[in-house]
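Structural characterization, general
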Amino acid sequence: MSSSLDLPPKGEFSFDLCRRNAMLESKGLKAPTFLKTGTTIVGLVFQDGVILGADTRATEGPIVADKNCEKIHYMAPNIYCCGAGTAADTEAVTDMVSSQLQLHRYHTGRESRVVTALTLLKKHLFNYQGHVSAALVLGGVDITGPHLHTIYPHGSTDTLPFATMGSGSLAAMSVFESKYKESLSRDEGIQLVVEAISAGIFNDLGSGSNVDVCVITKGHKDYLRNHLLPNPRTYVNPKGFTFPKKTEVLSTKITPLKEVEVIEGDAMEIA
Amino acid sequence: MTKQHANWSPYDNNGGSCVAIAGADYCVIAADTRMSTGYNILTRDYSKISQLTDKSVMASSGFQADVKALQKVLSARHLIYQHQHNKQMSCPAMAQLLSNTLYYKRFFPYYAFNVLGGLDNEGKGCVFTYDAVGSYERVGYSAQGSGSTLIMPFLDNQLKSPSPLLLPAKDAVTPLSETEAVDLVKTVFASATERDIYTGDKLEIVILNASGIRREYMDLRRD
């Protein structure tokens with residue numbers, strides 16, 4: 001039995017439905033929106049390693065879908081990755097490469113290297129020609145030293161001492177460009193990352209809520225979830241609210257089922 | 001070959017939310033003070049509320065350039081009315097004027113979502129809610145703007161009278177006191193700010209009652 005949609009042999013995206021989707025859209029059907037992390041993510045290299053930072057707001061258009069989501073993803077014990085773009089894509093691609101890295105560690109018996117994660121991610125993203133909408137800041141410390149990279153949805157990468165991505169990247173980069181210098185101490189580095197993310201949180205509408213920080217050094221990492229909470233709720237009515245109104249019953253009609261007669265007979269026939 | 005469409009729009013949305021609640025002898029009109037475009041904030045301190053007469057106050061969200069133009073037209077028309085009739089316009093009269101002004105530009109509308117609040121001729125609170133082209137209705141409370149879809153259901157839950165289809169007819173809920181209404185507005189904006197990216201920074205509340213007009217401010221989340 002042949003299916004009407006034959007998937008390409010490698011299991012890539014099948015674009016067969018695009019014509020039908022375009023036809024539906026021309027008829028007025030609104031396509032479902034993606035959950036994007038309108039985001040500020042940053043990374044910088046300091047004296048002893050790398051520090052990654054991220055905000056915690058996930059948006060669906062103009063609405064905040066998640067006020068406290070996690071954008072700093074685990075890749076390996078010594079490698080973490082911040083993700084901006086479509087939330088499902090960043091989650092899926094970092095999970096997938098994290099698993100691949102673990103298998104590779106079993107195979108080689110060695111600690112994962114940042115360039116390995118970089119190559120696996122960029123190969124995957126290039127293969128999907130930008131349709132996997134994930135913009136990543138990858139950082140970690142391995143045997144060759146501290147590394148920081150940015151990865152774009154189409155698969156290009158940069159290696160940088162400091163980097164920002166997401167809708168709040170301009171706000172964050174303005175802080176980095178003003179205040180970054182080489183060989184920052186741990187506290188100076190965290191302070192700078194917090195300032196950059198805060199710039200994104202307060203000046204970019206796609207970013208908000210709290211600051212997450214991750215400090216990676218040789219042989220050690222500190223995942224500081226909600227390192228800063230600069231946005232408490234401003235007003236809560238001290239008396240609270242009651243919701244006494246239930247759904248109003250407008251009319252009631254009860255139809256009793258008639259007596260059911262049980263007839264002993266043959267079992268159901270199944271063809 | 002599909003028809004070429006314009007890639008320039010005369011409109012922009014500066015975001016924000018507006019709310020008005022009418023009471024037995026007062027009216028509360030509130031709006032946030034954030035003005036934005038796209039993902040950027042233009043200013044954290046822009047008033048969307050304008051006092052049209054002694055007894056009517058309008059709050060408008062949408063495209064602020066159109067809102068400013070609309071306010072100018074209304075205040076000019078009000079000045080003419082005062083010269084011709086030797087008195088200020090009543091709130092229901094202003095409501096009708098606003099509707100006519102909006103419909104006048106039916107085919108190139110003011111991108112403005114308005115709520116008009118004030119005291120009617122008997123001193124009772126009144127709220128009128130509008131769409132962009134002038135369709136209006138007198139109501140007990142209303143919300144407009146980017147946070148309206150978040151705010152309205154909560155106001156309905158707290159303020160709405162029981163269904164008119166019920167028999168025997170049930171009375172409307174106990175009317176709110178002025179302080180309760182102001183409290184409700186503060187909570188409603190704090191909640192809308194949590195989930196709507198275009199609402200935030202500061203809340204401006206205007207209270208109209210028999211003794212005159214009063215303004216209150218409250219800080220909102222700035223992220």
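Here, residues in each chain are numbered from 1, in the same order as that chain's written sequence. To read the labels, note that chains go from A and ligands from 1, taken in the order they are written. With the structure being a predicted model, the display of local features is reserved for residues of pLDDT at least 70 and the display and counting of side-chain atom pairs for 80 or more, all residues being used for whole-chain, interface and lining totals. Side-chain measures here rest on the full set of heavy atoms in the structure, leaving out hydrogens and waters.

**Details of the UniProt feature "active site" (unreviewed entry) in chain A**
Residues and elements named next belong to chain A. According to UniProt, the "active site" (unreviewed entry) feature falls on Thr 39. One can find Thr 39 in the loop between strand E1 (36-37) and strand E2 (41-46). Should any heavy atoms of two residues lie within 4.5 Å, those residues are considered in contact. Not counting residues within four places of it along the chain, the set of residues in contact with Thr 39 comprises Asp 55, Lys 71, Gly 83, Ala 84, Met 165, Gly 166, Ser 167, Gly 168, Ser 169, Asp 204, Gly 206 and Ser 207. UniProt positions are given in the numbering used here, feature names are shortened, and annotations may be inferred rather than shown by experiment. To qualify as a helix, a DSSP run of H or I must reach at least 4 residues; to qualify as a strand, a run of E must reach at least 2; elements of each kind are numbered from the N terminus.

**Points about the interface of chain B and chain A**
The interface is formed by 33 residues belonging to chain B together with 33 residues belonging to chain A. In total, about 2900 Å² of surface goes out of reach between chain B and chain A, with carbon and sulfur atoms giving 54% of it. For chain B, the biggest contributors to the area lost against chain A are Tyr 39, Arg 195 and Asp 223 of chain B; these three give 25% of the whole. Put simply, a salt bridge is a Lys or Arg side-chain nitrogen that is within 4 Å of an Asp or Glu carboxyl oxygen. Applying the counting criterion to the chain B and chain A interface returns three salt bridges. With a closest N to O distance of 3.2 Å, Asp 223 of chain B and Arg 57 of chain A form a salt bridge. Two N or O atoms count as a polar contact when they lie within 3.5 Å, although within protein this holds only if one can serve as hydrogen donor and the other as acceptor, and sequence-adjacent residues are included solely when both atoms are side-chain atoms. Across the contact surface, chain B and chain A share 14 residue pairs in polar contact (both at pLDDT 80 or more). Breaking the side of chain B that touches chain A down by element, the ones donating at least two residues are strand E4 (40-43), helix H3 (148-159), helix H4 (178-195) and strand E12 (212-219) of chain B. Here's the idea: put two parts together, see how much 1.4 Å probe accessible area each one loses, and the total over both is what we call buried area.

**As for the nonpolar core**
Residues enter a nonpolar core if they are buried and are Ala, Val, Leu, Ile, Met, Phe, Trp, Tyr or Cys, with the set joined through side-chain atoms within 4.5 Å. Whether a residue is buried, partly exposed or exposed follows from its accessible area with a 1.4 Å probe, protein chains only, as a fraction of its type maximum: under 20%, in between, or over 50%, in that order. Residues Leu 44, Ile 51, Leu 52, Phe 176 and Val 193 of chain A are the most contacted members of the largest nonpolar core, which totals 39 residues. Counting residues per element, this core draws most heavily on helix H5 (residues 186-203) of chain A, at eight residues. Core analysis: the second largest hydrophobic core is formed by 24 residues, Val 28, Tyr 141, Val 185 and Phe 189 of chain B among them.

**Remarks on helix H4 (residues 169-179) of chain A**
Residues and elements named next belong to chain A. For H4, the full list of buried residues reads Ser 169, Ala 171, Ala 172, Val 175 and Phe 176. Projected down its long axis, H4 carries its buried residues within an arc of 170°, all on one side. For H4, the exposed residues lying more than 90 degrees away from the buried face are Leu 170, Glu 177 and Ser 178. Close packing links the buried residues of H4 with E2, strand E11 (162-165) and H5. As used here, the arc is the angular range of directions from the helix axis to the C-beta atoms.

**Describing the pairing of strand E9 (residues 145-151) of chain A**
All names here are of chain A. Across the seven residues that make up E9, a large majority, six, are buried. Here the rule is simple: two strands pair whenever DSSP picks up at least two bridges between them. For strand E8 (residues 134-142) and E9, the ladder comprises seven bridges, and the chain directions are antiparallel. When the bridges of E9 are listed, Gly 139 appears paired with Leu 148. Hairpin geometry of E8 and E9 is characterised by an intervening segment of two residues between the two adjacent antiparallel strands. Bridge count for E9 against strand E10 (residues 157-159) is three bridges, and the pairing is antiparallel. Looking at E10, one finds that Thr 150 is bridged to Asp 158. Counting the residues that bridge the hairpin from E9 to E10 gives five residues, and of these Gly 155 lies at a positive phi of roughly 110°.

**Some points on the side chain of Thr 199 of chain B**
Residues and elements named next belong to chain B. Topologically, Thr 199 is positioned in the loop between H4 and strand E11 (202-209). Of note is the side chain of Thr 199, whose polar atom sits 2.8 Å from the side chain of Ser 17. There is a polar contact of 2.6 Å between the side chain of Thr 199 and the side chain of Asp 196. Contacts of Thr 199, omitting those with residues within four sequence positions, involve Gly 16, Ser 17, Asp 32, Arg 34, Ser 146, Gly 147, Phe 189 and Thr 193.

**Section: the sheet that holds E11 of chain B**
All names here are of chain B. Read from one edge of the open sheet, five strands run E10-E1-E2-E11-E12, paired in antiparallel fashion. The strands lining the two open edges of the sheet, one partner per strand, are strand E10 (141-145) and E12. Between one strand axis and the next, the sheet turns by 15° as a mean value, whatever way the strands run. Bridge analysis of strand E1 (residues 17-22) against E10 gives five bridges, and the strand direction is antiparallel. Looking across to E10, one finds that Ser 17 is bridged to Gly 145. Axes here refer to lines fitted to C-alpha atoms; in helices the fit is confined to the stretch in contact. Angles between the N-to-C directions go from 0 to 180 degrees. Set on the sheet, H3 makes contact with E1 and E10; between it and E10 the angle comes to about 170°.

**A look at the sheet that holds E2 of chain A**
Residues and elements named next belong to chain A. Taken in spatial order, the five strands line up as E11-E2-E3-E12-E13 in an open sheet, and their pairing is antiparallel. Here the strands that pair on one side only, and so sit at the sheet edges, are E11 and strand E13 (220-228). Ignoring which end each strand starts from, the neighbouring axes of this sheet average 10° apart. Bridge count for strand E3 (residues 49-54) against strand E12 (residues 211-217) is six bridges, and the pairing is antiparallel.

**What to know about the pattern of salt bridges**
Oppositely charged side chains may form a pair once their charged atoms are brought near each other. Residues and elements named next belong to chain B. A complete count under the given rule lists 21 salt bridges over all chains for this structure. Across the pair Glu 122 and Lys 124 runs a salt bridge, and its minimum N-O distance is 3.3 Å. You can call Lys 124 partly exposed: its relative accessible area is 42%. Here Arg 214 makes a salt bridge to Glu 178, at a shortest N to O gap of 2.8 Å. Of this pair, Arg 214 sits in strand E12 while Glu 178 sits in helix H4, and the two are 36 residues apart along the sequence. On the accessibility criterion, Arg 214 (37% relative accessible area) is partly exposed.

**With respect to the packing of H4 of chain A against H5 of chain A**
When two helices pack together, you describe them by how their axes are tilted relative to each other and by the distance separating the axes. Residues and elements named next belong to chain A. Their axes nearest at 7 Å, the elements H4 and H5 cross at an angle of 145°. Classified by chirality, the crossing of H5 by H4 is right-handed. From H4, Ala 171, Ala 172, Val 175, Phe 176 and Lys 179 reach across to H5, where they touch Leu 192, Val 193, Glu 195, Ala 196, Ala 199, Gly 200 and Asn 203. Think of it as three bins: nonpolar holds Ala, Val, Leu, Ile, Met, Phe, Trp, Tyr, Cys and Pro, charged holds Asp, Glu, Lys and Arg, and polar takes everything else, Gly as well. Taken together, the residues of the contact of H4 with H5 break down into eight nonpolar, two polar and two charged. Crossing handedness is read from the near helix: turned anticlockwise from the far helix by less than a right angle, it gives a left-handed crossing, and turned clockwise, a right-handed one.

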